[in-house]
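# Notes for the structure review
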Amino acid sequence: MYINSTYNTYSPNFTSSGRDVCNSLGELIHRNDTSLFRSDLGNWDHLIDYIGEKFKNAPKANLYSLSCSAGDEVYSLAMKLLAKYGEKGAEKYFPILASDYDAKIISMAQKGYLPMFEGDDKLINEHTHGKFNKYFEIVKTVPDFIKNMDLDYDFIAKVKPELRNKVSFKVADATEECKSVNPNNSIVMARNFWPYLKDETTRIQMSNNLYKRLDKNSAVIIGSFDDTPGTYASKNLYDAGFRCNLNNCCIYEKNAIPITEMYYF
Ligand SMILES: C[S@@+](CC[C@H](N)C(=O)[O-])C[C@H]1O[C@@H](n2cnc3c(N)ncnc32)[C@H](O)[C@@H]1O
């Protein structure tokens, strides 16, 4: 399969699903590559602590993923929230609102299937105090529609209702979806997809729209792939007015201390 060289420089180790989506000329449009507990986010326990602390006084918090792919990111989030705060304590974060503009990957996620690689069961058990079997069942017969999707995986898991019900999936373009997120008490994960946006103007617009839409108690989270040669989502967000959280540079907030001002104390 032909791969556009623009995207060749970034090659993290994935433990979950991978899929190249090309146009009729064989040119890469986007990749669905994703991973459970994707490591570019840093320490997932710290992220969950950050979310818990940020929204400790809020009766409801809104978690979004605007480029959710197969659902690894949002299921990782849901499992960690449940492990840390329990069913009752984590209730205010659910359902996590997940969207992606790729209708095929969303259709698979809506049906409750999640592609996995060898070792993902162990990884899940490590993060959830041994709850792989509570949340997933390995399917014996892979449905034909998944076989026809040209996905990379070792096995397919069916997500059990206990976890599946914590996430709502829909097809949506992130550039539109960002305009209608709840301004208050929201975390907007817009991760590892900025290079797929049409051009720099679109990335600037997306950053400005997020800044205009979100209130100070909300945040945007990006990934490593979003700062690759030719794409600097961190700069776009900074120029729009966001500042990165000093403990985790994936997290962009409106109310963090501006980096430029830190040196003048
Ligand atoms: C590399 S995957 C990243 C998945 C996940 N966010 C993560 O970090 O593991 C990129 C995803 O972005 C989606 N995508 C690309 N452009 C998009 C857009 N304009 N709106 C919504 N989703 C988009 C692709 O379909 C793909 O599933």
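Higher on the page you've got the structure.
Summary of the structure given here. No experiment lies behind these values; they were computed from the predicted model shown.

### Some remarks on the environment of serine 180
In this fold, serine 180 is placed in the loop between α8 (174-177) and β9 (186-189). Judged by the 10 C-beta atoms lying within 10 Å of it, serine 180 falls in the exposed class. Separated by 34 residues in the primary sequence, serine 180 and leucine 214 have C-alpha atoms spaced 9.7 Å apart.

### Brief notes about the packing of helix α1 (residues 44-54) against helix α2 (residues 72-90)
The N-to-C vectors of α1 and α2 enclose an angle of 70 degrees; their axes lie 10 Å apart at closest approach. With respect to their mutual orientation, α1 and α2 come out roughly perpendicular. Residues Trp44, Ile48 and Gly52 of α1 pack against Ser76, Lys80, Leu81, Lys84 and Tyr85 of α2.

### Considerations on the environment of valine 171
Looking at the secondary structure, you find valine 171 in strand β8 (residues 167-171). Taking the number of C-beta atoms within 10 Å as the measure of exposure, valine 171 has 15 and is therefore partly exposed. Separated by 67 residues in the primary sequence, valine 171 and lysine 104 place their C-alpha atoms 9.2 Å from one another. Those residues in contact with valine 171 that lie beyond four places of it in its chain are Ser99, Asp100, Tyr101, Ala103 and Ile106.

### As for the site of the ligand
Lining the immediate surroundings of the ligand are 26 residues, of which Thr34, Ser67, Ser69, Asn192 and Phe193 lie closest. Looking at the shell around the ligand, the elements that each hand over two or more residues are β2 (28-31), α2 and α8. Here the residues of the shell around the ligand are counted per class, giving eight nonpolar, nine polar and nine charged.

Scoring rules and cut-offs
Residues numbered from 1 in each chain as written. Predicted model: local features only at pLDDT ≥ 70, side-chain atom pairs only at ≥ 80, totals over all residues. Helix = DSSP H or I, 4+ residues; strand = E, 2+ residues; numbered from the N terminus. Buried ≥ 20, exposed ≤ 12 C-beta atoms within 10 Å, placed from the backbone. Axes fitted to C-alpha atoms, helices over the stretch in contact; angles between N-to-C directions. Parallel < 35°, antiparallel > 145°, perpendicular 65-115°, else oblique. Contact = placed C-beta atoms within 7 Å. Near = placed C-beta within 6 Å. Nonpolar A, V, L, I, M, F, W, Y, C, P; charged D, E, K, R; others polar.

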